[in-house]
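Single-letter residue listing:
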Amino acid sequence: MNALTIDVEDYFHVQAFAHVIEPTTWDCYPMRVEKNTCRLLELLEQRGVRATFFVLGWVAEHCPNLVRRIIADGHEIGSHGYSHQMIGRGDEKDFRRDVTRAKAILEDQTGASIRCYRAPSYSITAKTFWALEILAELGFEYDSSIYPVHHDNYGMPEAPRFPHVQWLRDGRRILEFPPSTFAACGVNLPVAGGGYFRLLPYELTAWAIRRINSKEKQPAMVYLHPWEIDPDQPRVAAGWRSRFRHYHNLRATESKFARLLDDFSWGPISNVLALSWSEQKAKCEVGDGL
Ligand SMILES: [Zn+2]
């Protein structure tokens, strides 16, 4: 089983447009996240697939019925923070405040404790590694915020590529599940999510996931955003690079995603980790995997 994750945010929250859209103006943009998330829920329901939905606190606050709908369909809820700001833009106090606020909104709406977290734009890096300690302190058990790649905005290329226990300075631990990569000649290439999923031919993504499953004997981690299946979303005036990152191949994404759902076995993070843990215990393997 592979982990399927959806980052529930709208097109005007993304990092690619952060330089042209101030958070104070978010209320001025027509929201499309509810409709797009419901379309994803339909695609999953048709196939009996369950996933982890990392919901942005701002979205949960503005669409209170959305979280209830996701839960009613049997999915897992995780937190994507409240304000979708790169962690490095603030300090530890700002991060704690953002995460606490988002967690409280989600826990109020779900009536359960929120155990999974994904940082906006994978912004836990070597410089913001302290964020893991705050997450563990606040009661999070799983994190999926460290992308083991080179990138201009995020990434820790030396980080492990597969699920592992991250021991923290205060003696706590958190289970880290990174998005999937393909390792070639000492370089990790992102293959299974977001812009990379839209950019790469489907066959390449499928080949990489099969390789992770059969050769490396590990679960893959895929992520998608609701706005990625919405080719008719309003266009934001930004530079070519931002527009390419955000708009490339939107029209083809829903059918590619449906194919991915059909071709592999999927589950929420906690289920995949529980399975991986029991399988590895059964084999009495020792290593840096779970
Ligand atoms: Zn995000």
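Okay, so let's go over this structure.

Reading the values: rules and limits
Residues numbered from 1 in each chain as written. Predicted model: local features only at pLDDT ≥ 70, side-chain atom pairs only at ≥ 80, totals over all residues. Heavy atoms only, no water. Helix = DSSP H or I, 4+ residues; strand = E, 2+ residues; numbered from the N terminus. Rg over C-alpha atoms; globule rule 2.2 N^0.38 Å. Buried < 20%, exposed > 50% of the residue type's maximum accessible area, 1.4 Å probe, protein only. Axes fitted to C-alpha atoms, helices over the stretch in contact; angles between N-to-C directions. Parallel < 35°, antiparallel > 145°, perpendicular 65-115°, else oblique. Contact = heavy atoms within 4.5 Å. Nonpolar A, V, L, I, M, F, W, Y, C, P; charged D, E, K, R; others polar. Donors = N, O, S within 2.8 Å, 3.2 Å for Na, K, Ca; no water. Phe/Tyr/Trp six-rings, centres within 6.5 Å; stacked < 30°, edge-to-face > 60°. Lys NZ or Arg CZ within 6 Å of the ring centre and 35° of its normal. Disulfide = S-S within 2.5 Å.

**Quick notes on the overall build of the protein**
Regarding its fold elements, the protein presents ten helices and eleven strands. At 18 Å, the protein has a C-alpha radius of gyration in line with the 19 Å of a compact globule built from 290 residues. Overall, the protein is about 55 × 45 × 40 Å in size when its C-alpha atoms are taken along their principal axes. Counting all 290 residues of the protein, 56% fall into the buried class.

**Regarding the packing of helix H1 (residues 33-47) against helix H3 (residues 64-72)**
Any two packed helices are characterised by how steeply their axes cross, that is the angle between the axes, and by the distance between the axes. At a closest axis distance of 11 Å, the pairing of H1 and H3 adopts a crossing angle of 5°. Our classification of the angle between H1 and H3 gives roughly parallel. Taken together, the residues of H3 that come into contact with H1 (itself represented by Glu 34, Thr 37, Cys 38 and Leu 41) are Asn 65, Leu 66, Arg 69 and Ile 70. The residue inventory of the contact of H1 with H3, partitioned by class, reads four nonpolar, two polar and two charged.

**Regarding the coordination of the zinc ion**
Here the zinc ion is held by Glu 9 (OE), His 80 (NE2) and His 84 (NE2), and the distances to it run 1.9 to 2.1 Å. Between consecutive donor residues of the zinc ion, the sequence gaps follow E-x70-H-x3-H. For the pair formed by His 80 and His 84, the shared burial category is buried.

**Details of the packing of aromatic side chains**
Throughout the structure, instances matching the rule amount to 17 aromatic pairs. Considering the side-chain rings of Tyr 11 and Tyr 29, the 6.5 Å spacing of their centres and the 80° angle between planes classify their relative orientation as edge-to-face. Of the two residues, Tyr 11 is situated in the loop between strand S1 (2-8) and H1 and Tyr 29 in the loop between S1 and H1; the sequence distance between them amounts to 18 residues. With a relative accessible area of 1%, Tyr 11 lands in the buried category. What links up through ring pairs into an aromatic cluster is the set Tyr 11, Phe 12, Trp 26, Tyr 29 and Trp 58. The residue whose ring lies beneath Arg 235 is Tyr 247, and the NZ or CZ to ring-centre distance is 4.3 Å. The cationic tip of Lys 256 hangs over the ring face of Phe 197; the distance from NZ or CZ to the ring centre is 5.3 Å.

**Digging into the state of the cysteines**
Here the structure, examined in full by the defined rule, presents zero disulfides. The thiol sulfur of Cys 28 is not disulfide-bonded, and the nearest other cysteine sulfur, from Cys 63, lies at 16 Å. Exposure remark for Cys 28: the relative accessible area of 65% places this residue in the exposed category.

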